[in-house]
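# Overview (structure and organization)
The lines below spell out each chain.
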Amino acid sequence: MASALKLNGKQKTAILLIAMGKEASAKVFKYLPEEEIDQITLAIANIQKVDPKEKEEVLKEFHEMCIAQDFLQMGGISYAQDVLESALGKDRAQEIIFRLTTQLQVKPFDFARRVDAMQIYHFLQNEHPQTIALVLAHLEPQQSSMILASLDDELQSDVARRIAMLEQTSPEVIKEVENILEQKLASTIRHDFSVVGGIDAIVSILNGVDRTTEKSILEQLERKDGELVEEIKKRMFVFEDIITLDKRAIQRVIQEVDNQDLLLALKASSPEVKKVIFENMSSRMVETFEEEMQYLGPVRVKDVEESQGRIVSIIRRLEDSGELVIARGGSDDVLF
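Basis of the calculations
- Residues numbered from 1 in each chain as written.
- Predicted model: local features only at pLDDT ≥ 70, side-chain atom pairs only at ≥ 80, totals over all residues.
- Heavy atoms only, no water.
- Helix = DSSP H or I, 4+ residues; strand = E, 2+ residues; numbered from the N terminus.
- Buried < 20%, exposed > 50% of the residue type's maximum accessible area, 1.4 Å probe, protein only.
- Lys, Arg positive; Asp, Glu negative; His and termini not counted.
- Salt bridge = Lys/Arg side-chain N within 4 Å of Asp/Glu carboxyl O.
- Polar contact = N/O pair within 3.5 Å; in protein donor to acceptor, adjacent residues only side chain to side chain.
- 1 Å grid on protein atoms, 1.4 Å probe; cavity = no way out; pocket = protein on both sides within 12 Å on 5 of 7 lines; lining within 4 Å.
- Points joined across faces, edges and corners; volume = space filled by probe spheres on them.
- Nonpolar A, V, L, I, M, F, W, Y, C, P; charged D, E, K, R; others polar.
- Core = buried A, V, L, I, M, F, W, Y, C linked by side-chain atoms within 4.5 Å.
- Contact = heavy atoms within 4.5 Å.
- Patch = residues over 30% accessible without salt bridge, like charges linked within 9 Å, V, L, I, M, F, W, Y side chains within 5 Å.
- Areas by Shrake-Rupley, 256 points an atom, 1.4 Å probe, with all protein chains shown as cover.
- Charge placed at Lys NZ, Arg CZ, Asp CG, Glu CD.
- pLDDT = per-residue confidence, 0-100.
- Axes fitted to C-alpha atoms, helices over the stretch in contact; angles between N-to-C directions.
- Left-handed = near helix turned anticlockwise from the far one by under 90°.

Further remarks concern the side chain of Asp-225. Checked against the element boundaries, Asp-225 lands in the loop between helix H12 (211-224) and helix H13 (226-236). Buried and unpaired, Asp-225 has Arg-161 as its nearest opposite-charge partner, separated by 4.0 Å. Within the structure, Asp-225 has its side chain in polar contact with the backbone nitrogen of Leu-228 (distance 3.1 Å).

Structure below.
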(Lines give C-alpha, C1' and ligand atoms only; values in the text may rest on other atoms or scores of the structure.)
Protein backbone atom coordinates (compact mmCIF):
# COMPACT_ATOMS: atom_id res chain seq x y z
CA MET A 1 0.00 0.00 0.00
CA ALA A 2 1.22 3.51 -0.83
CA SER A 3 2.31 6.15 1.65
CA ALA A 4 -0.51 7.80 3.57
CA LEU A 5 0.27 11.04 1.79
CA LYS A 6 -0.83 9.38 -1.50
CA LEU A 7 -4.07 7.92 -0.15
CA ASN A 8 -7.36 9.55 -1.05
CA GLY A 9 -9.80 10.90 1.51
CA LYS A 10 -11.98 7.79 1.66
CA GLN A 11 -8.94 5.53 2.19
CA LYS A 12 -7.65 7.74 5.00
CA THR A 13 -11.09 7.77 6.58
CA ALA A 14 -11.24 3.98 6.36
CA ILE A 15 -7.86 3.62 8.09
CA LEU A 16 -8.88 6.12 10.77
CA LEU A 17 -12.12 4.24 11.50
CA ILE A 18 -10.31 0.91 11.63
CA ALA A 19 -7.85 2.41 14.10
CA MET A 20 -10.70 3.79 16.22
CA GLY A 21 -12.35 0.40 16.58
CA LYS A 22 -15.89 -0.87 15.91
CA GLU A 23 -17.74 0.90 18.72
CA ALA A 24 -16.35 4.38 18.03
CA SER A 25 -16.68 3.92 14.25
CA ALA A 26 -20.34 2.95 14.62
CA LYS A 27 -20.99 6.27 16.43
CA VAL A 28 -19.29 8.19 13.60
CA PHE A 29 -21.40 6.42 10.96
CA LYS A 30 -24.57 7.81 12.58
CA TYR A 31 -23.60 11.30 11.45
CA LEU A 32 -22.67 10.43 7.85
CA PRO A 33 -24.89 10.54 4.73
CA GLU A 34 -25.88 7.14 3.33
CA GLU A 35 -23.79 7.64 0.20
CA GLU A 36 -20.64 8.31 2.22
CA ILE A 37 -21.29 5.31 4.46
CA ASP A 38 -21.42 3.08 1.37
CA GLN A 39 -18.18 4.51 -0.03
CA ILE A 40 -16.30 4.29 3.27
CA THR A 41 -17.58 0.77 3.92
CA LEU A 42 -16.27 -0.27 0.51
CA ALA A 43 -12.92 1.37 1.27
CA ILE A 44 -12.69 -0.50 4.59
CA ALA A 45 -13.54 -3.77 2.85
CA ASN A 46 -10.73 -3.22 0.33
CA ILE A 47 -8.10 -2.82 3.07
CA GLN A 48 -6.69 -6.25 3.87
CA LYS A 49 -4.11 -5.00 6.35
CA VAL A 50 -3.26 -1.57 7.78
CA ASP A 51 0.41 -0.72 7.59
CA PRO A 52 1.56 0.61 11.01
CA LYS A 53 3.42 3.50 9.37
CA GLU A 54 0.37 4.52 7.32
CA LYS A 55 -1.85 4.32 10.39
CA GLU A 56 0.55 6.55 12.31
CA GLU A 57 0.63 9.11 9.49
CA VAL A 58 -3.18 9.14 9.16
CA LEU A 59 -3.68 9.57 12.92
CA LYS A 60 -1.06 12.32 12.99
CA GLU A 61 -2.76 14.16 10.11
CA PHE A 62 -6.16 13.80 11.74
CA HIS A 63 -4.79 15.17 15.02
CA GLU A 64 -3.22 18.14 13.23
CA MET A 65 -6.47 18.90 11.40
CA CYS A 66 -8.43 18.83 14.68
CA ILE A 67 -5.97 21.20 16.32
CA ALA A 68 -6.04 23.52 13.29
CA GLN A 69 -9.85 23.58 13.35
CA ASP A 70 -9.78 24.54 17.04
CA PHE A 71 -7.39 27.40 16.21
CA LEU A 72 -9.70 28.55 13.42
CA GLN A 73 -12.66 28.69 15.79
CA MET A 74 -10.61 30.52 18.42
CA GLY A 75 -9.18 33.30 16.31
CA GLY A 76 -9.69 32.93 12.57
CA ILE A 77 -7.42 31.80 9.76
CA SER A 78 -4.55 34.21 10.41
CA TYR A 79 -4.31 33.15 14.05
CA ALA A 80 -4.47 29.46 13.14
CA GLN A 81 -1.81 29.80 10.48
CA ASP A 82 0.56 31.70 12.80
CA VAL A 83 0.28 29.06 15.53
CA LEU A 84 0.63 26.18 13.08
CA GLU A 85 3.67 27.74 11.40
CA SER A 86 5.38 27.97 14.79
CA ALA A 87 4.61 24.34 15.55
CA LEU A 88 4.82 22.62 12.15
CA GLY A 89 6.63 24.97 9.79
CA LYS A 90 5.28 27.25 7.06
CA ASP A 91 4.74 24.66 4.31
CA ARG A 92 2.86 22.18 6.48
CA ALA A 93 0.79 24.94 8.08
CA GLN A 94 -0.25 26.29 4.66
CA GLU A 95 -1.18 22.80 3.50
CA ILE A 96 -3.40 22.19 6.54
CA ILE A 97 -5.07 25.60 6.33
CA PHE A 98 -5.73 25.15 2.61
CA ARG A 99 -7.34 21.76 3.19
CA LEU A 100 -9.51 23.07 6.02
CA THR A 101 -10.74 26.11 4.11
CA THR A 102 -11.42 24.24 0.88
CA GLN A 103 -12.64 20.85 2.08
CA LEU A 104 -14.33 21.84 5.34
CA GLN A 105 -15.46 25.16 3.82
CA VAL A 106 -15.21 27.69 6.62
CA LYS A 107 -18.45 29.64 6.36
CA PRO A 108 -18.47 33.29 5.29
CA PHE A 109 -18.61 35.70 8.24
CA ASP A 110 -17.76 32.90 10.65
CA PHE A 111 -15.63 35.37 12.64
CA ALA A 112 -18.60 37.72 13.10
CA ARG A 113 -20.62 34.97 14.78
CA ARG A 114 -18.17 35.13 17.67
CA VAL A 115 -18.41 38.93 18.02
CA ASP A 116 -20.84 40.77 20.28
CA ALA A 117 -23.90 41.90 18.30
CA MET A 118 -23.63 45.50 19.51
CA GLN A 119 -20.04 45.77 18.27
CA ILE A 120 -21.22 44.75 14.82
CA TYR A 121 -24.16 47.16 15.09
CA HIS A 122 -21.89 50.15 15.74
CA PHE A 123 -20.01 49.32 12.56
CA LEU A 124 -23.09 48.61 10.44
CA GLN A 125 -25.49 51.38 11.47
CA ASN A 126 -24.17 53.87 8.92
CA GLU A 127 -23.60 51.38 6.11
CA HIS A 128 -25.77 50.94 3.00
CA PRO A 129 -28.95 48.90 3.72
CA GLN A 130 -27.84 46.22 1.24
CA THR A 131 -24.55 45.80 3.11
CA ILE A 132 -26.40 45.52 6.42
CA ALA A 133 -28.80 42.96 4.93
CA LEU A 134 -25.93 40.85 3.59
CA VAL A 135 -24.14 40.77 6.94
CA LEU A 136 -27.30 40.08 8.99
CA ALA A 137 -28.28 37.24 6.67
CA HIS A 138 -24.96 35.54 7.46
CA LEU A 139 -25.08 36.01 11.24
CA GLU A 140 -26.85 33.91 13.87
CA PRO A 141 -30.56 34.87 14.11
CA GLN A 142 -30.08 36.05 17.72
CA GLN A 143 -27.31 38.46 16.68
CA SER A 144 -29.28 39.73 13.69
CA SER A 145 -32.39 40.24 15.84
CA MET A 146 -30.50 42.48 18.27
CA ILE A 147 -28.90 44.49 15.46
CA LEU A 148 -32.14 44.87 13.51
CA ALA A 149 -34.00 46.03 16.62
CA SER A 150 -31.33 48.69 17.20
CA LEU A 151 -31.59 50.25 13.72
CA ASP A 152 -33.74 53.30 12.94
CA ASP A 153 -37.38 52.46 12.17
CA GLU A 154 -37.23 53.29 8.47
CA LEU A 155 -33.95 51.45 8.06
CA GLN A 156 -35.36 48.38 9.81
CA SER A 157 -38.05 47.77 7.20
CA ASP A 158 -35.67 48.47 4.32
CA VAL A 159 -33.11 45.98 5.64
CA ALA A 160 -35.83 43.41 6.41
CA ARG A 161 -37.06 43.59 2.82
CA ARG A 162 -33.55 43.26 1.42
CA ILE A 163 -32.85 40.18 3.57
CA ALA A 164 -36.07 38.58 2.37
CA MET A 165 -35.13 39.25 -1.27
CA LEU A 166 -31.54 37.95 -0.97
CA GLU A 167 -30.79 34.74 -2.80
CA GLN A 168 -27.32 33.75 -4.08
CA THR A 169 -24.43 36.09 -3.32
CA SER A 170 -21.19 36.02 -5.30
CA PRO A 171 -17.84 35.54 -3.55
CA GLU A 172 -16.65 38.90 -4.91
CA VAL A 173 -19.40 40.79 -3.07
CA ILE A 174 -18.89 38.77 0.11
CA LYS A 175 -15.15 39.36 -0.11
CA GLU A 176 -15.58 43.12 -0.43
CA VAL A 177 -17.82 43.30 2.63
CA GLU A 178 -15.62 40.94 4.62
CA ASN A 179 -12.52 42.98 3.83
CA ILE A 180 -14.14 45.99 5.45
CA LEU A 181 -15.10 43.89 8.47
CA GLU A 182 -11.54 42.58 8.66
CA GLN A 183 -10.23 46.11 9.14
CA LYS A 184 -12.70 46.71 11.97
CA LEU A 185 -12.65 43.32 13.67
CA ALA A 186 -9.12 42.16 12.78
CA SER A 187 -9.91 38.82 11.20
CA THR A 188 -9.85 37.08 7.81
CA ILE A 189 -11.82 34.35 6.15
CA ARG A 190 -12.01 32.44 2.89
CA HIS A 191 -14.88 33.00 0.49
CA ASP A 192 -17.37 30.73 -1.24
CA PHE A 193 -20.74 31.20 -2.90
CA SER A 194 -23.35 31.32 -0.21
CA VAL A 195 -27.10 31.05 -0.48
CA VAL A 196 -28.45 33.11 2.40
CA GLY A 197 -31.33 35.37 3.14
CA GLY A 198 -34.84 34.76 1.86
CA ILE A 199 -38.13 34.61 3.73
CA ASP A 200 -36.93 32.04 6.26
CA ALA A 201 -33.98 34.22 7.22
CA ILE A 202 -36.03 37.33 7.94
CA VAL A 203 -38.68 35.24 9.77
CA SER A 204 -35.98 33.81 12.07
CA ILE A 205 -34.69 37.31 12.75
CA LEU A 206 -38.12 38.86 13.36
CA ASN A 207 -39.07 36.00 15.69
CA GLY A 208 -36.19 37.13 17.88
CA VAL A 209 -37.12 40.80 18.21
CA ASP A 210 -39.73 42.24 20.55
CA ARG A 211 -43.33 42.62 19.38
CA THR A 212 -43.11 46.42 19.10
CA THR A 213 -40.08 46.26 16.81
CA GLU A 214 -41.62 43.49 14.72
CA LYS A 215 -44.89 45.39 14.30
CA SER A 216 -43.07 48.59 13.33
CA ILE A 217 -40.96 46.79 10.72
CA LEU A 218 -43.93 44.97 9.18
CA GLU A 219 -46.11 48.08 9.08
CA GLN A 220 -43.47 50.07 7.22
CA LEU A 221 -42.59 47.14 5.00
CA GLU A 222 -46.26 46.65 4.10
CA ARG A 223 -46.35 50.09 2.50
CA LYS A 224 -43.65 48.96 0.09
CA ASP A 225 -44.49 45.30 -0.43
CA GLY A 226 -47.77 44.00 0.98
CA GLU A 227 -47.43 40.53 -0.56
CA LEU A 228 -44.02 40.05 1.05
CA VAL A 229 -45.42 40.98 4.47
CA GLU A 230 -48.25 38.46 4.09
CA GLU A 231 -45.76 35.73 3.25
CA ILE A 232 -43.60 36.68 6.23
CA LYS A 233 -46.60 36.67 8.57
CA LYS A 234 -47.67 33.21 7.38
CA ARG A 235 -44.30 31.77 8.34
CA MET A 236 -43.78 33.64 11.61
CA PHE A 237 -46.30 31.53 13.51
CA VAL A 238 -47.15 28.08 12.18
CA PHE A 239 -50.06 25.96 13.37
CA GLU A 240 -47.81 23.59 15.34
CA ASP A 241 -46.63 26.59 17.41
CA ILE A 242 -50.03 26.63 19.07
CA ILE A 243 -48.51 24.45 21.82
CA THR A 244 -46.54 27.51 22.97
CA LEU A 245 -49.73 29.44 23.83
CA ASP A 246 -51.12 29.47 27.34
CA LYS A 247 -54.42 27.78 28.21
CA ARG A 248 -56.49 30.94 28.10
CA ALA A 249 -55.16 31.82 24.66
CA ILE A 250 -55.82 28.33 23.30
CA GLN A 251 -59.39 28.43 24.64
CA ARG A 252 -59.89 31.81 22.98
CA VAL A 253 -58.64 30.42 19.67
CA ILE A 254 -60.97 27.40 19.93
CA GLN A 255 -63.92 29.75 20.46
CA GLU A 256 -62.95 31.91 17.49
CA VAL A 257 -62.12 29.37 14.78
CA ASP A 258 -64.55 27.42 12.65
CA ASN A 259 -65.00 23.86 13.93
CA GLN A 260 -64.53 22.41 10.45
CA ASP A 261 -61.22 24.22 10.07
CA LEU A 262 -60.10 22.98 13.47
CA LEU A 263 -61.17 19.44 12.60
CA LEU A 264 -59.16 19.43 9.36
CA ALA A 265 -56.18 21.11 11.02
CA LEU A 266 -56.08 18.51 13.79
CA LYS A 267 -56.47 15.60 11.36
CA ALA A 268 -52.82 15.88 10.27
CA SER A 269 -51.31 17.57 13.33
CA SER A 270 -48.85 16.10 15.82
CA PRO A 271 -49.99 14.23 18.95
CA GLU A 272 -48.63 17.13 21.04
CA VAL A 273 -50.90 19.62 19.28
CA LYS A 274 -53.96 17.38 19.58
CA LYS A 275 -53.24 16.86 23.28
CA VAL A 276 -52.99 20.61 23.95
CA ILE A 277 -56.16 21.38 22.00
CA PHE A 278 -58.21 18.57 23.57
CA GLU A 279 -57.06 19.54 27.08
CA ASN A 280 -58.73 22.91 26.53
CA MET A 281 -62.04 21.52 25.25
CA SER A 282 -64.96 20.16 27.16
CA SER A 283 -65.08 16.36 27.38
CA ARG A 284 -68.18 16.32 25.18
CA MET A 285 -66.51 18.44 22.53
CA VAL A 286 -63.46 16.16 22.57
CA GLU A 287 -65.67 13.11 22.02
CA THR A 288 -67.39 14.83 19.11
CA PHE A 289 -64.09 15.80 17.49
CA GLU A 290 -62.57 12.34 17.94
CA GLU A 291 -65.62 10.70 16.37
CA GLU A 292 -65.68 13.09 13.42
CA MET A 293 -61.95 12.70 12.86
CA GLN A 294 -62.37 8.92 12.85
CA TYR A 295 -65.07 9.04 10.17
CA LEU A 296 -63.55 11.89 8.19
CA GLY A 297 -61.39 9.59 6.09
CA PRO A 298 -58.42 10.69 3.96
CA VAL A 299 -58.06 14.45 3.48
CA ARG A 300 -56.02 16.45 0.98
CA VAL A 301 -52.84 18.05 2.25
CA LYS A 302 -53.90 21.29 0.58
CA ASP A 303 -57.17 21.37 2.55
CA VAL A 304 -55.34 20.76 5.83
CA GLU A 305 -52.78 23.48 5.10
CA GLU A 306 -55.52 25.96 4.17
CA SER A 307 -57.42 25.25 7.39
CA GLN A 308 -54.26 25.59 9.47
CA GLY A 309 -53.47 28.81 7.63
CA ARG A 310 -56.87 30.30 8.47
CA ILE A 311 -56.39 29.38 12.13
CA VAL A 312 -52.93 30.99 12.15
CA SER A 313 -54.44 34.15 10.64
CA ILE A 314 -56.99 34.26 13.45
CA ILE A 315 -54.22 33.82 16.04
CA ARG A 316 -52.28 36.68 14.46
CA ARG A 317 -55.41 38.86 14.49
CA LEU A 318 -56.07 38.07 18.16
CA GLU A 319 -52.46 38.96 18.94
CA ASP A 320 -52.75 42.27 17.08
CA SER A 321 -55.86 43.13 19.05
CA GLY A 322 -54.12 42.27 22.32
CA GLU A 323 -56.40 39.32 23.13
CA LEU A 324 -53.52 36.88 23.34
CA VAL A 325 -49.73 36.96 23.54
CA ILE A 326 -47.25 34.94 21.50
CA ALA A 327 -43.96 34.37 23.32
CA ARG A 328 -41.03 36.03 21.52
CA GLY A 329 -37.41 36.89 21.98
CA GLY A 330 -37.97 40.39 23.37
CA SER A 331 -38.83 41.15 26.98
CA ASP A 332 -41.71 43.48 26.06
CA ASP A 333 -44.01 40.47 25.63
CA VAL A 334 -43.55 39.11 29.14
CA LEU A 335 -46.52 39.77 31.43
CA PHE A 336 -46.35 39.82 35.22
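Next up on the list: the layout of surface pockets. Estimated volume of the second largest pocket: approximately 390 Å³. Every residue lining the second largest pocket is counted, 15 residues in all, and those nearest its centre are Lys-234, Gln-308, Gly-309, Val-312 and Ser-313. Elements that contribute at least two residues to the lining of the second largest pocket include exactly H13 and helix H18 (301-320). No other element matches H18, which puts nine residues into the lining of the second largest pocket. Across the lining of the second largest pocket, the residue classes tally to three nonpolar, three polar and nine charged.

The next point concerns the nonpolar core. Leu-136, Leu-148, Val-159, Ile-202 and Ile-232 are the most contacted members of the largest nonpolar core, which has 39 residues in total. Those elements giving two or more residues to this core turn out to be helix H6 (117-124), helix H7 (129-138), helix H8 (141-150), helix H9 (153-165), helix H10 (171-185), helix H11 (199-206), H12 and H13. With six residues, the single largest contributor to this core is H7. With near-sequence residues (within four places) excluded, Val-159 lies in contact with Pro-129, Ile-132, Ala-133, Leu-136, Leu-148 and Leu-151. If you look at the next biggest cluster of nonpolar residues, it comprises 28 residues, including Leu-263, Ile-277, Phe-289 and Met-293.

Together, Glu-287, Glu-290, Glu-291 and Glu-292 line one region of the surface with negative charge. Inspection of the secondary structure puts Glu-290 in helix H17 (residues 283-296). Judged by its relative accessible area of 43%, Glu-290 falls in the partly exposed class.

With 77% of its residues at a pLDDT of at least 70, the protein reaches an overall mean of 76. For the protein, per-element mean pLDDT is lowest for strand S2 (residues 194-195), which scores 46, and highest for helix H14 (residues 247-256), which scores 92. Confidence over residues 187-195 falls short of pLDDT 50; this stretch has 43 contacts with residues more than four positions distant or in other chains. Low pLDDT, under 50, characterises residues 329-336; the predicted model gives this stretch 14 contacts beyond four residues in sequence or across chains.

Below, the discussion takes up the packing of helix H15 (residues 259-267) against H17. In contact at an axis separation of 10 Å, H15 and H17 are set at 65° when each is read in the N-to-C sense. As H15 runs across H17, the sense of the crossing is right-handed. Every residue of H17 that contacts H15 at Asn-259, Leu-262, Leu-263, Leu-264, Leu-266 and Lys-267 is listed here: Met-285, Phe-289, Glu-292, Met-293 and Leu-296. Of the residues belonging to the contact of H15 with H17, the class tally is eight nonpolar, one polar and two charged.

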